[in-house]
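Chain and residue survey
For reference, the chains in residue letters:
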Amino acid sequence: MEIPVIDLDELHGEKRSKTMALLHEACEKWGFFQVVNHGIDKKLMEKVKQLVNTYYVENLKESFYESEIAKSLKNKEKISNIDWESTFFIWHHPKSNISEIPNLSEELCKTMDEYIAQLIKLAEELSELICENLGLEKNYIKEVFSGTKGPSVGTKVAKYPRCPNPELVRGLREHTDAGGIILLLQDDQVPGLEFLKDGEWVQIPPYKNNTIFVNTGDQVEVLSNGRYKSVLHRVMAENNGSRLSIATFYNPASDALISPAPELLYPNQYIFQDYLKLYSTTKFSEKGLRFESMKTMANGKHNLHV
């Protein structure tokens, strides 16, 4: 099963329509895809991974293997209520907490901030492309996500340490993501990430060329009125190395008001006879225009009753 690859360079030439169709299919039928030629500095991406790996070894690795979950695994106990992961979370917007995280070097803070600045531009570009495919104004997602302070952006930095008994525990249990657009910079050697597609778990391979892996969250499913799905995914524990995951969430602000885009809703609460009258004069016209007319008609009747 070949994971969709979206080449952003192909949006600027004769392959644009084909690329937009591929993105639409990826969002509608997969819920995840790879992005290449994304414009993010690959040396910067490598530096982020290297600094995070160093931070883990120096500050988190020893304490993880002394934790309760590690001790439980030594007893050969199957663990179903906790994940085999070592994580910390960095908020970037609307307010950064990066200076409050213990022992983060100045170099890591600066490098992460530079990476996130570039990644936000990519997230905004993807949101505009998604809006275009849905027939919405290009800034619709950004505006809905903004609330009073702008979209929320945060990064879950995770290491999935080498696991001596991977059959007893998940790296991360099955879930969908609560937010909007998730952009993942992941390990280039150790596998483990899996997404559900048509009832089967699809393994997401490690990437050696700093491809960005993207999936859509619950709020995109709501905004698209179910057209674009958020899908279950998980991380399998591995015995052959520690996996790095740097997942950035482009999410609605905490006070953002979320609902399906009105343009994507079917008309509702109308009298069937009214539909038949309209149908009799528009039978050979585009049904979408007929649906829009019924929405206008139904809304007008509701307003009369207010």
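Spatially, the seven strands line up as an open sheet ordered 1-2-9-6-11-4-3, and their pairing is mixed. This sheet does not close on itself; its edge strands, each paired only once, are strand 1 (5-7) and strand 3 (86-93). Taking the axes of each pair of neighbouring strands and ignoring which way they run, one obtains an average angle of 25° across the sheet. Pairing between strand 6 (residues 181-186) and strand 9 (residues 212-216): four bridges, direction antiparallel.

Turning our attention to the sheet that holds strand 10 (residues 233-236). Remark on secondary structure: sheet strands pair via backbone hydrogen bonds, oriented parallel or antiparallel. The strand order across the open sheet formed by four strands is 5-10-7-8, and the pairing between neighbours is antiparallel. Two strands bound the open sheet, and with one partner strand each, they are strand 5 (170-175) and strand 8 (200-203). Direction aside, neighbouring strands of the sheet carry axes that sit 30° apart on average. Where strand 7 (residues 193-197) and strand 10 come together, three bridges link them in antiparallel fashion. Of the residues in strand 10, the one forming a bridge with L193 is V235.

With an omega of 10°, the peptide bond running from H93 to P94 counts as cis. By secondary structure assignment, the location of P94 is in the loop between strand 3 and helix 5 (106-134). You will see that N225, though not glycine, has its phi angle at about 55°, which is positive. Note on placement: N225 falls in the loop between helix 7 (218-223) and strand 10. The class for N225 is partly exposed, based on a relative accessible area of 34%. Even without being a glycine, Q269 presents a positive backbone phi close to 60°. Within the secondary structure, Q269 sits in the loop between strand 11 (243-251) and helix 8 (272-282).

Going through the model one piece at a time under the given rule, you end up with 15 salt bridges. Put simply, K49 and D188 hold a salt bridge, and the shortest N to O gap is 3.9 Å. Of this pair, K49 sits in helix 2 (residues 42-59) while D188 sits in the loop between strand 6 and strand 7, and the two are 139 residues apart along the sequence. Owing to a relative accessible area of 5%, K49 belongs among the buried residues under this scheme. D188 gets classed as partly exposed once you look at its relative accessible area, which sits at 23%. The closest approach of N and O atoms between D198 and K197, which form a salt bridge, is 2.6 Å. Connected through salt bridges with shared partners, the residues R170, E174, E194 and R234 form a single ionic network.

Quick look at the confidence of the model for the chain now. Here the chain averages 94 in pLDDT, and 97% of its residues register 70 or above. Across residues 302-306, confidence stays below pLDDT 50; counting only partners more than four residues off in sequence or on other chains, it has two contacts.

Next up on the list: the packing of helix 1 (residues 16-30) against helix 5. How two helices sit against one another is set out by the angle between their axes and by the gap between those axes. It is the contact of helix 1 with helix 5, at a shortest axis distance of 10 Å, that shows an interaxial angle of 90°. The orientation of helix 1 with respect to helix 5, classified from their angle, is roughly perpendicular. Packed against helix 1, whose contacting residues are R16, M20, L23, H24 and C27, the element helix 5 presents L129, I130, E132 and N133 at the interface. When grouped by side-chain class, the residues that make up the contact of helix 1 with helix 5 number five nonpolar, two polar and two charged.

Looking now at the nonpolar core. Core analysis: the largest hydrophobic core is formed by 57 residues, its most contacted members being F33, M112, Y115, L122, L183 and I212. Considering every element that reaches this core, the biggest residue donor is helix 5, with 14 residues. Excluding its chain neighbours within four sequence positions, the residues that come into contact with Y115 are I40, L44, M45, V48, L185 and I212.

Calculation criteria
Residues numbered from 1 in each chain as written. Predicted model: local features only at pLDDT ≥ 70, side-chain atom pairs only at ≥ 80, totals over all residues. Heavy atoms only, no water. Pairing = 2+ DSSP bridges. Helix = DSSP H or I, 4+ residues; strand = E, 2+ residues; numbered from the N terminus. Axes fitted to C-alpha atoms, helices over the stretch in contact; angles between N-to-C directions. Buried < 20%, exposed > 50% of the residue type's maximum accessible area, 1.4 Å probe, protein only. Salt bridge = Lys/Arg side-chain N within 4 Å of Asp/Glu carboxyl O. pLDDT = per-residue confidence, 0-100. Contact = heavy atoms within 4.5 Å. Parallel < 35°, antiparallel > 145°, perpendicular 65-115°, else oblique. Nonpolar A, V, L, I, M, F, W, Y, C, P; charged D, E, K, R; others polar. Core = buried A, V, L, I, M, F, W, Y, C linked by side-chain atoms within 4.5 Å.

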